[in-house]
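Secondary and tertiary structure notes
Here is what each chain is made of, one letter per residue.
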Amino acid sequence: MAPGRRTAAFERKAPLLEAKEVQVTIGGEEILESASLDLRRGELLAIVGPNGAGKSTFARAFCGLRRPQGGEVRWMGVPLTELRGRKLAGVRAYVPQRAQVPTGVTVQAAVNIGRSTHLKPLQGLSGEDREAVRESIARARLEGFEDRDLSTLSGGEMQRVQIAVALAQGAPVLVADEPTAQLDLGATAAISKMLRELVSGGMGVVLIVHDLALAAAIADRVVVMSHGRTIATGTPEAVLTGQLISEVWGVQAELVHREGRSALHVEWLDQHQT
Ligand code: ADP
Ligand code: MG
């Protein structure tokens with residue numbers, strides 16, 4: 001077959017996403033030295049690490065938004081280099097850390113735009129597309145908000161709109177970069193429950209989050225990043241030990257699990273302060 005004419009064939013049994021030793025250099029500086037992960041079906045994987053560890057850069061690289069200088073990324077077995085445009089939009093939806101909010105756009109219009117990755121140029125939304133949009137709005141708990149202008153929404157509502165826009169894309173994987181960073185406790189809990197519901201429905205979710213306690217509470221597995229490298233992967237219980245937290249964050253802290261709940265106990269102050 002002629003190069004470039006090959007159509008990507010997804011493998012049903014392959015992990016949803018595999019990234020191996022991804023490397024990113026920006027302006028001569030190696031921002032990502034070596035970052036790896038794999039995402040299974042029906043799994044919520046959290047990428048955790050201090051500010052500046054390279055989490056957002058890694059996510060942008062495996063989502064096909066920044067070309068890596070090295071390593072390999074596969075979505076359902078297909079190399080990322082073979083996926084563009086609608087094909088890429090069909091495998092993963094990406095919610096950026098800092099989204100630009102346009103003015104004069106309603107919630108309904110924004111979610112319609114999310115669905116437009118399915119359309120050919122100048123084609124309108126079909127009945128099936130409209131149903132997908134309605135369902136995305138419902139899953140993001142945004143019924144009743146359809147006619148609201150985006151500029152009038154609270155932080156939590158806006159984040160739910162971004163998730164609805166992503167869901168309307170209909171991809172099996174959602175990658176959300178710090179969706180709760182600006183939110184209060186109630187809104188954070190609402191987003192967390194929503195992400196768990198998506199996973200229960202069979203989607204894969206990659207959650208980039210600097211909040212360790214949140215990651216420990218809602219993730220099936222965590223990937224820890226430090227200084228541009230992924231240094232540990234596994235269940236929160238296995239990975240987020242006092243020693244690792246001390247090494248990566250420089251803080252004395254312990255993850256405590258009790259009756260299905262987990263909490264992060266932090267020594268905020270030096271115990272021997274006088
Ligand atoms: P995180 O999301 O873990 O906080 P980032 O991936 O945003 O980390 O950034 C990792 C490092 O790369 C930081 O030191 C950041 O300043 C740097 N960096 C990220 N993007 C760029 C860029 N476009 N140009 C220069 N430096 C960048
Ligand atoms: Mg970031």
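Residues numbered from 1 in each chain as written. Chains lettered and ligands numbered in written order. Predicted model: local features only at pLDDT ≥ 70, side-chain atom pairs only at ≥ 80, totals over all residues. Heavy atoms only, no water.

It is worth spelling out the overall build of the protein at this point. Check the secondary structure of the protein and you find 9 helices and 12 strands. For the protein, whose C-alpha radius of gyration is 19 Å, the value lies close to the compact-globule estimate of 19 Å for 274 residues. Out of the 274 residues in the protein, the part that is buried amounts to 46%. Partitioning the intrachain contacts of the protein with sequence separation of at least 6 by distance along the chain shows that 67% fall at a separation of at least 24. On the protein, roughly 14600 Å² of surface is accessible, and the fraction owed to carbon and sulfur atoms is 48%. If the 31 positive side-chain charges of the protein are averaged to one point and the 31 negative ones to another, these points end up 9 Å apart. (Helix = DSSP H or I, 4+ residues; strand = E, 2+ residues; numbered from the N terminus. Rg over C-alpha atoms; globule rule 2.2 N^0.38 Å. Buried < 20%, exposed > 50% of the residue type's maximum accessible area, 1.4 Å probe, protein only. Contact = heavy atoms within 4.5 Å. Areas by Shrake-Rupley, 256 points an atom, 1.4 Å probe, with all protein chains shown as cover. Lys, Arg positive; Asp, Glu negative; His and termini not counted. Charge placed at Lys NZ, Arg CZ, Asp CG, Glu CD.)

The subject of this paragraph is the site of ligand 1. Around ligand 1, a shell composed of Ile-26, Ile-31, Pro-50, Asn-51, Gly-52, Ala-53, Gly-54, Lys-55, Ser-56, Thr-57 and Arg-66 is seen. Here Lys-55 contributes a side-chain N or O atom positioned 2.9 Å from an oxygen atom of ligand 1. The separation between an oxygen atom of ligand 1 and a polar side-chain atom of Thr-57 is 2.5 Å. When isolated, ligand 1 has an accessible area of 560 Å², and the protein chains bury 56% of it. A per-element tally of the shell around ligand 1 places helix 1 (residues 55-62) first, with 3 residues. Taken together, the residues that form the shell around ligand 1 break down as 4 nonpolar, 5 polar and 2 charged. (Near = heavy atom within 4 Å. Polar contact = N/O pair within 3.5 Å; in protein donor to acceptor, adjacent residues only side chain to side chain. Nonpolar A, V, L, I, M, F, W, Y, C, P; charged D, E, K, R; others polar.)

The subject of this paragraph is the pattern of salt bridges. All chains considered together, the criterion is met by 11 salt bridges. Notably, a salt bridge pairs Asp-220 with Arg-196, separated by 3.3 Å at the nearest N-O pair. With Asp-220 in the loop between helix 7 (212-218) and strand 9 (221-226) and Arg-196 in helix 6 (residues 185-200), the pair connects residues that are 24 residues apart, well separated along the chain. Asp-220 sits in the partly exposed class, given a relative accessible area of 29%. Since its relative accessible area comes to 27%, Arg-196 is described here as partly exposed. Bridged by salt links that share partners, the residues Asp-38, Arg-40, Glu-43 and Arg-221 form one connected network. (Salt bridge = Lys/Arg side-chain N within 4 Å of Asp/Glu carboxyl O.)

This next bit is on the coordination of the magnesium ion (ligand 2). Around the magnesium ion (ligand 2), the protein contributes the donor atoms Ser-56 (OG) and Gln-97 (OE1), which lie 2.1 to 2.3 Å from the metal centre. Of this pair, Ser-56 sits in helix 1 while Gln-97 sits in the loop between strand 6 (92-95) and helix 3 (107-115), placing them 41 residues apart in sequence. The exposure class of Ser-56 is partly exposed, given its relative accessible area of 22%. (Donors = N, O, S within 2.8 Å, 3.2 Å for Na, K, Ca; no water.)

Per the domain assignment, the segments making up the protein are domain 1 (11-91 + 172-274) and domain 2 (98-170). Computed from C-alpha coordinates alone, the two centres of domain 1 and domain 2 are separated by 25 Å. Contact with domain 2 buries surface across domain 1, with Arg-86, Ala-89 and Met-194 losing the most and accounting together for 40% of the total. Arg-141 is paired through a salt bridge with Glu-197; the nearest N and O atoms lie 2.8 Å apart. (Domains from an automatic or database assignment. Buried area = accessible area lost by both parts, 1.4 Å probe.)

Moving on, we get to unusual backbone geometry. Unusually for a residue other than glycine, Met-76 sits at a positive phi of about 50°. With respect to the helices and strands, Met-76 occurs in the loop between strand 4 (70-75) and strand 5 (78-79). Non-glycine residue Glu-178 carries a positive phi angle of around 50°. Mapped onto the elements of the fold, Glu-178 is located in the loop between strand 7 (173-177) and helix 6. According to the relative accessible area criterion, Glu-178 is buried, its value standing at 7%.

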